[in-house]
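The residues making up each chain are set out below.
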Amino acid sequence: MDIVLGLQWGDEGKGKFIDLISENYNITARFNGGSNAGHSIERNGQRITLKMIPSGIFMKGVQNVVGTGTVLDPVSLKKEIENLQIFDQTVHPIDNLIISKKAHFVLPTHRLLDAFMEDHPDYTTIGSTRNGIAQAYSNKILRQNVRVGDMFLPDFEEKVHHILKRDYKQLSEDGMVLPSLEEISQDFFEAIDFLKKFNCIETEIYLNKALSEGKKILAEGSQAAMLDIDHGTYPYVTSSSTTAAGACIGLGISPKKMGEIYGIAKAYCTRVGNGMFPTELFDELGDEIRTKGNEFGSNTGRPRRTGWLDLPALRYAIMINGVTQLVLTKADVLSGLKSVAVCTHYELEDGKIETIAGSLPENSRPVLKWLNGWNADFSTMKSPSELPIELQEFLSFIEAELEVPVTYLSIGPGREQMLKMK
Ligand code: IMP
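Residues numbered from 1 in each chain as written. Predicted model: local features only at pLDDT ≥ 70, side-chain atom pairs only at ≥ 80, totals over all residues. Heavy atoms only, no water.

Undergrad: Looking at this structure, how should I read a negative patch on the surface?
TA: A grouping of Glu-157, Glu-182, Glu-183, Asp-187, Glu-190 and Asp-193 is seen on the molecular surface, where their side chains present a negatively charged patch. No other element matches the five residues that helix α7 (residues 181-195) contributes to the negative patch. Locating Asp-193 in the fold gives a position in helix α7. Judged by its relative accessible area of 48%, Asp-193 is partly exposed. (Patch = residues over 30% accessible without salt bridge, like charges linked within 9 Å, V, L, I, M, F, W, Y side chains within 5 Å. Areas by Shrake-Rupley, 256 points an atom, 1.4 Å probe, with all protein chains shown as cover. Salt bridge = Lys/Arg side-chain N within 4 Å of Asp/Glu carboxyl O. Lys, Arg positive; Asp, Glu negative; His and termini not counted. Charge placed at Lys NZ, Arg CZ, Asp CG, Glu CD. Helix = DSSP H or I, 4+ residues; strand = E, 2+ residues; numbered from the N terminus. Buried < 20%, exposed > 50% of the residue type's maximum accessible area, 1.4 Å probe, protein only.)

Now the structure itself:
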């Protein structure tokens, strides 16, 4: 099993890379997160953002698994499938989308609770996507939730009604103005009827059998290392395990079966939501990168914070994931700048930090190394030898600092704008 992971704070361009390499696999599988993800894929000059559906969905003959470690919002997934079929009528998810019976549901009240906690002064505002992700995962841990397989049981409706009513009671006591319970229940159960038509199975058995038959699986990470619940910049993180080890847990596949681990990183950094971002740019250059790189949340539309590449954070992400190949994206966005900065380490009064382990002492200061910028028309480039010398030097510098080869370089939003470097 090979794995694709984000190494920064999400939005590194995982969808595009997976779309490109998924033809080499028999199965692509999502192992964490839910409709908080936004994996953008381009087809015939049009762009679609996949939230819950694995990015191999467009490939004929590739099966796509929504694994056990995910949380699934039936209402959102129904909409996503309907939009996908409008976007590309040749795609038939009913034939190549498989859902784990053990994936947990995101209930309508999880979304309401998420919004409530984000807005209420008694709680830390995370800047979540308000998709109810944390609430679904926390109810899973509390053992109070319902799972995909439960929808085939006779008491499913009763169980869901019980949870919805309990959450409504709590939220109305806390003063939240709530939509009609009948309306949200109706939407939810309509989506459940839709979902029942899909192949819902024990995906662990399916995936392990596929591996033993010599089939190739690509695990698709959502969010990213610095948003990992354990290893990220807590509390400003998502609620799932976003790492390579998380792929094993979320899919029920042994760590012995891991192959290549592709780490995706931008040539700079972005972040949506709150939390530390020590190389953040607050000036016009930050705005310029945001506009040029179209750095607006593919899921929520929120403007992304922008900043310089953070090598201490990347070293940590590479270490905890065991990344074997780096895929660098969006170097084209920095084109035209006279010089480009990279944070090599953090300085303290009495030492330095070369690897950020999810947090930094207050008095640490990013140390930037300035490299020559590049200026080129990337739109027609076909080979690494056409890259400007300054960008080649930038890549060599990063490889030397991180001790991992950059094997792919994305040079534009188009599907074909990806150079194989090695
Ligand atoms: P949640 O996952 O919706 O609970 O949000 C928790 C944090 O993770 C927030 O800062 C979100 O902006 C961030 N986040 C969640 N999913 C993504 C993603 O796919 N890309 C980037 N950031 C994300």
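Undergrad: Can you walk me through the pattern of salt bridges in this structure?
TA: Pairing between side chains becomes possible if they bear opposite charge and their charged atoms approach one another. Counting across every chain of the model gives 20 salt bridges. With a closest N to O distance of 2.8 Å, Arg-415 and Asp-19 form a salt bridge. One end of the pair, Arg-415, is in the loop between β19 (406-410) and β20 (418-420); the other, Asp-19, is in helix α1 (residues 14-21), and 396 residues separate them in sequence. Three or more residues joined by partner-sharing salt bridges are found here, namely Asp-11, Lys-266, Glu-295, Arg-304 and Lys-330.

Undergrad: Please clarify how helix α6 (residues 156-173) should be interpreted in this entry.
TA: The periodicity of an α-helix, 3.6 residues per turn, causes residues three or four places apart in sequence to face the same way. With 18 residues, α6 should cover 26 Å at 1.5 Å per step; its first-to-last C-alpha distance of 26 Å lies within 8% of that length. Where α6 is buried, its residues touch β8 (104-105), α4 (108-119) and α7. Backbone geometry just downstream of α6 places Gly-175 in the positive-phi region, at approximately 90°. (Expected span 1.5 Å × (residues − 1). Contact = heavy atoms within 4.5 Å.)

Undergrad: Whenever I open this one, the layout of surface pockets confuses me. Can you help?
TA: A probe as big as a water molecule, rolled over the atoms, marks out the empty space that is left. The volume enclosed by the second largest pocket comes to roughly 320 Å³. Lining the second largest pocket are 18 residues, with Asp-73, Val-75, Ser-76, Lys-79 and Arg-111 sitting closest to its centre. Looking at the lining of the second largest pocket, the elements that each hand over two or more residues are β4 (46-50), α2 (74-87), α4 and α7. At six residues, α2 tops the list of elements feeding residues into the lining of the second largest pocket. For the lining of the second largest pocket, the residue count by class is nine nonpolar, three polar and six charged. In this structure, the lining of the second largest pocket is formed jointly by two domains, domain 1 (2-103 + 198-261) and domain 2 (106-195), each of which donates at least three residues. (1 Å grid on protein atoms, 1.4 Å probe; cavity = no way out; pocket = protein on both sides within 12 Å on 5 of 7 lines; lining within 4 Å. Points joined across faces, edges and corners; volume = space filled by probe spheres on them. Nonpolar A, V, L, I, M, F, W, Y, C, P; charged D, E, K, R; others polar. Domains from an automatic or database assignment.)

Undergrad: When you look at the site of the ligand in this model, what are you seeing that I'm missing?
TA: Taken together, 17 residues lie around the ligand, and Asp-11, Asn-36, Thr-129, Thr-238 and Arg-302 are the ones closest in. In this structure, an oxygen atom belonging to the ligand sits 3.4 Å away from a main-chain N or O atom of Gly-127. With respect to the ligand, the side chain of Thr-238 contributes an N or O atom lying 2.6 Å from an oxygen atom. Taken by itself the ligand offers 470 Å² of open surface, and the protein chains cover 96% of this. Counted by class, the shell around the ligand contains six nonpolar, nine polar and two charged residues. (Near = heavy atom within 4 Å. Polar contact = N/O pair within 3.5 Å; in protein donor to acceptor, adjacent residues only side chain to side chain.)

Undergrad: Sorry, what's going on with the domain arrangement of the chain here?
TA: Often the size quoted for an interface is simply the accessible area lost on bringing the parts together. Domain boundaries assigned for the chain yield domain 1 (2-103 + 198-261), domain 2 (106-195) and domain 3 (265-420). One C-alpha centre belongs to domain 1, the other to domain 2, and the line joining them spans 23 Å. Contact residues are listed per partner, giving 29 residues for domain 1 and 23 residues for domain 2. Roughly 2,200 Å² of surface becomes buried between domain 1 and domain 2 when both sides are summed, with 68% attributable to carbon and sulfur atoms. On the domain 1 side of the contact with domain 2, Val-71, Pro-74 and Lys-78 bury the most area, a combined 23% of that side's loss. Linking domain 1 with domain 2 are one salt bridge. Here Arg-111 ties to Asp-73 by a salt bridge, and the two come within 2.8 Å at their closest N and O atoms. (Buried area = accessible area lost by both parts, 1.4 Å probe.)

Undergrad: What am I meant to see in unusual backbone geometry here?
TA: If a residue is not glycine, its phi is most likely negative; likewise, a peptide bond is most likely trans. The residue after Tyr-234, namely Pro-235, is reached through a cis peptide bond having omega 5°. For Pro-235, the location among the structural elements is in the loop between β10 (217-220) and α9 (244-251). Even without being a glycine, Asn-44 presents a positive backbone phi close to 45°. Along the polypeptide, Asn-44 turns up in the loop between β3 (39-43) and β4. Positive phi is not limited to glycine here, since Gln-223 has a value of about 55°. In this structure Gln-223 comes out as buried when scored by relative accessible area, which is 10%.

Undergrad: Just to check I follow, could you spell out the packing of aromatic side chains for this structure?
TA: When we look at a pair of aromatic rings, we describe it by the centre distance and by the angle of the planes. According to the stated counting rule, one finds 13 aromatic pairs in the structure shown. When the ring of Trp-308 is compared with that of Trp-370, the centres are 5.5 Å apart and the planes differ by 80°; the resulting orientation is edge-to-face. In this pair, Trp-308 sits in the loop between β13 (305-307) and β14 (309-310) while Trp-370 sits in strand β18 (residues 365-372), placing the two residues 62 residues apart along the sequence. Among the aromatic residues, those joined into a ring-pair cluster are Phe-105, Phe-156, Phe-188 and Phe-189. Here the basic side chain of Lys-78 rests over the ring of Phe-194, its NZ or CZ set 5.8 Å away from the ring centre. (Phe/Tyr/Trp six-rings, centres within 6.5 Å; stacked < 30°, edge-to-face > 60°. Lys NZ or Arg CZ within 6 Å of the ring centre and 35° of its normal.)

Undergrad: What is the right way to look at the side chain of Gln-223 in this model?
TA: Structurally, Gln-223 can be placed in the loop between β10 and α9. Only 3.2 Å separates the side chain of Gln-223 from the side chain of Asn-36, close enough to count as a polar contact. Contacts of Gln-223, omitting those with residues within four sequence positions, involve Gly-6, Gly-10, Glu-12, Lys-14, Asn-32, Gly-33, Asn-36, Ala-37, Thr-238, Ser-240 and Thr-242.

Undergrad: Hey, could you run me through the sheet that holds β20 in this one?
TA: Sheets are built from strands paired through backbone hydrogen bonds, the pairs being either parallel or antiparallel. If you walk across this open sheet you meet the 10 strands as β9-β7-β5-β2-β10-β1-β11-β15-β19-β20, and the pairing is mixed. Of all the strands in the sheet, the pair left with one neighbour each is β9 (199-201) and β20. Looking at each pair of strands side by side, their axes are set apart by 20° on average, direction ignored. Where strand β7 (residues 97-100) lies against β9, three bridges are found, and the strand directions are parallel. Note that in β9 the partner of Ile-98 across the bridge is Asn-199. Of the strands in this sheet, β1 (2-6), β10, β11 (261-266), β15 (325-329), β19 and β20 touch α1, which is tilted by about 160° from β1. Against the sheet, helix α12 (residues 389-402) touches β15 and β19, its axis set at about 140° to β15. (Pairing = 2+ DSSP bridges. Axes fitted to C-alpha atoms, helices over the stretch in contact; angles between N-to-C directions.)

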